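# Close look at the chain arrangement
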Amino acid sequence: MNSRSQTVLITGASGGIGYELAKLFAHDRYTLVLVARNAERLAQVATDLQNQFGNTVRTVPLDLGSPAAPKFLFDQLQRENIPIDILINNAGFGAFGEFSAMPDEEILSQIQLNITALTHLTRLFLAPMLTRHHGRIMNVASTAAFQPGPLMAVYYATKAYVLSFSEALTNELRGSGVSVTCFCPGPTNTGFAKRAGSEGSRLFRQIGCMNAETVARDGYRGLMKDKTIVISGTQNWLVAESVRFAPRKMVTAISRWISERVE
């Protein structure tokens, strides 16, 4: 299918990797549906993309952390007769701190957005794709998916779910015309660390980050090649592969050391 006739839905599109993905799709002439909580920022993104690329950009300011939001979004697009050819489940967040000291709301909100909303959106938009025998879904996980993460236990666990879920769907959907890609970025220069409270960790202070533009390009290319798992960056790929062979206690201890705050 010609990209000019296709529509991509991107959640978490107001900044970071989501915004960079939106630019890549806009460059290739896709129609865009962008979703994020920040209505003002989302409107600015839409204006920038329209001015630069001339695309049709539809914005939906929406908090996907609300349990009713995925169905609301799906129903609204159905009413407007906007079929989604590519779904990018990018919205998500993490929180730093020991699980026992973390507020209930912070724990459950991560699960609601990173797992429940992603799963619900996938379920809703998958059905029309299967009917058309065509579609792509990208679920954005993280290299955190490959090991436990003390001090960010819930976030790491949610990303492990996304990886497992995506791999299973890839198997179930063989021959259907619909592909599922799990995109696993490593530490990236976005607003994630500030929101998570992990800016002072070794991971972000000493090991360093990739830039969001490069990361998004890796994910975009992998999605278009229908790859099941895409890891951005050679170093991140090596780390993800190496944890399979190391003792689990050692992997967990190293993961904690990386997440600890440094002076």
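All of these numbers come straight from a predicted model, not from anything done at the bench. (Residues numbered from 1 in each chain as written. Predicted model: local features only at pLDDT ≥ 70, side-chain atom pairs only at ≥ 80, totals over all residues. Heavy atoms only, no water.)

### Quick look at the pairing of strand 2 (residues 31-36)
In terms of burial, strand 2 is a largely internal element, five of the six residues being buried. Here strand 1 (residues 7-11) runs beside strand 2; their pairing, made up of five bridges, is parallel. Its bridge partner lying in strand 2, Thr11 is registered against Val35. For the crossover from strand 1 across helix 1 (residues 16-27) to strand 2, the handedness is right-handed. Pairing geometry for strand 2 and strand 3 (residues 57-61), over five bridges, is parallel. Within strand 3, the residue paired with Leu34 across the bridge is Thr59. Crossover strand 2 to strand 3 through helix 2 (residues 39-53) is right-handed. (Buried < 20%, exposed > 50% of the residue type's maximum accessible area, 1.4 Å probe, protein only. Helix = DSSP H or I, 4+ residues; strand = E, 2+ residues; numbered from the N terminus. Pairing = 2+ DSSP bridges. Right-handed = clockwise from strand over helix to strand, strands pointing away.)

### Here's the deal with helix 3 (residues 69-79)
Considered for burial, the residues of helix 3 that qualify are Ala69, Pro70, Leu73, Phe74, Gln76 and Leu77. Take helix 3 and look down its axis: the buried residues cluster within an arc of 165°, on one side only. Looking at the buried positions of helix 3, the neighbouring elements they touch are strand 1, strand 2, strand 3 and helix 4 (104-132). Backbone geometry just downstream of helix 3 places Asn81 in the positive-phi region, at approximately 55°. (Arc of directions from axis to C-beta. Contact = heavy atoms within 4.5 Å.)

### Examining unusual backbone geometry
Glycine aside, negative phi is the norm for most residues, and most peptide bonds take the trans geometry. At Arg29, a position not held by glycine, the phi torsion is positive, near 75°. When you line up the elements, Arg29 lands in the loop between helix 1 and strand 2. A positive phi angle, near 60°, is found at His133, a position not held by glycine.

### Structural notes on the packing of helix 4 against helix 5 (residues 153-172)
Where helix 4 meets helix 5, the closest approach of the two axes is 9 Å, and the angle between their N-to-C directions is 15°. Relative to helix 5, the element helix 4 is oriented roughly parallel. Once helix 4 is placed against helix 5, the crossing between them reads as right-handed. Note on element contacts: helix 5 touches helix 4 through Val154, Tyr155, Thr158, Lys159, Tyr161, Val162, Phe165 and Leu169, opposite Ile107, Gln110, Ile111, Asn114, Ile115, Leu118, Thr119 and Thr122. Class assignment of the residues belonging to the contact of helix 4 with helix 5 gives a composition of ten nonpolar, five polar and one charged. (Axes fitted to C-alpha atoms, helices over the stretch in contact; angles between N-to-C directions. Parallel < 35°, antiparallel > 145°, perpendicular 65-115°, else oblique. Left-handed = near helix turned anticlockwise from the far one by under 90°. Nonpolar A, V, L, I, M, F, W, Y, C, P; charged D, E, K, R; others polar.)

### Here's the deal with the side chain of Ser14
Along the chain, Ser14 turns up in the loop between strand 1 and helix 1. Ser14 gets classed as buried once you look at its relative accessible area, which sits at 17%. Those residues in contact with Ser14, other than ones at most four positions away along the chain, are Tyr19, Ala36, Arg41, Leu42 and Val45.

### Considering the state of the cysteines
For the coordinates displayed, the defined rule picks out zero disulfides. Left unpaired, Cys182 is separated from the closest cysteine sulfur, that of Cys184, by 3.9 Å. (Disulfide = S-S within 2.5 Å.)

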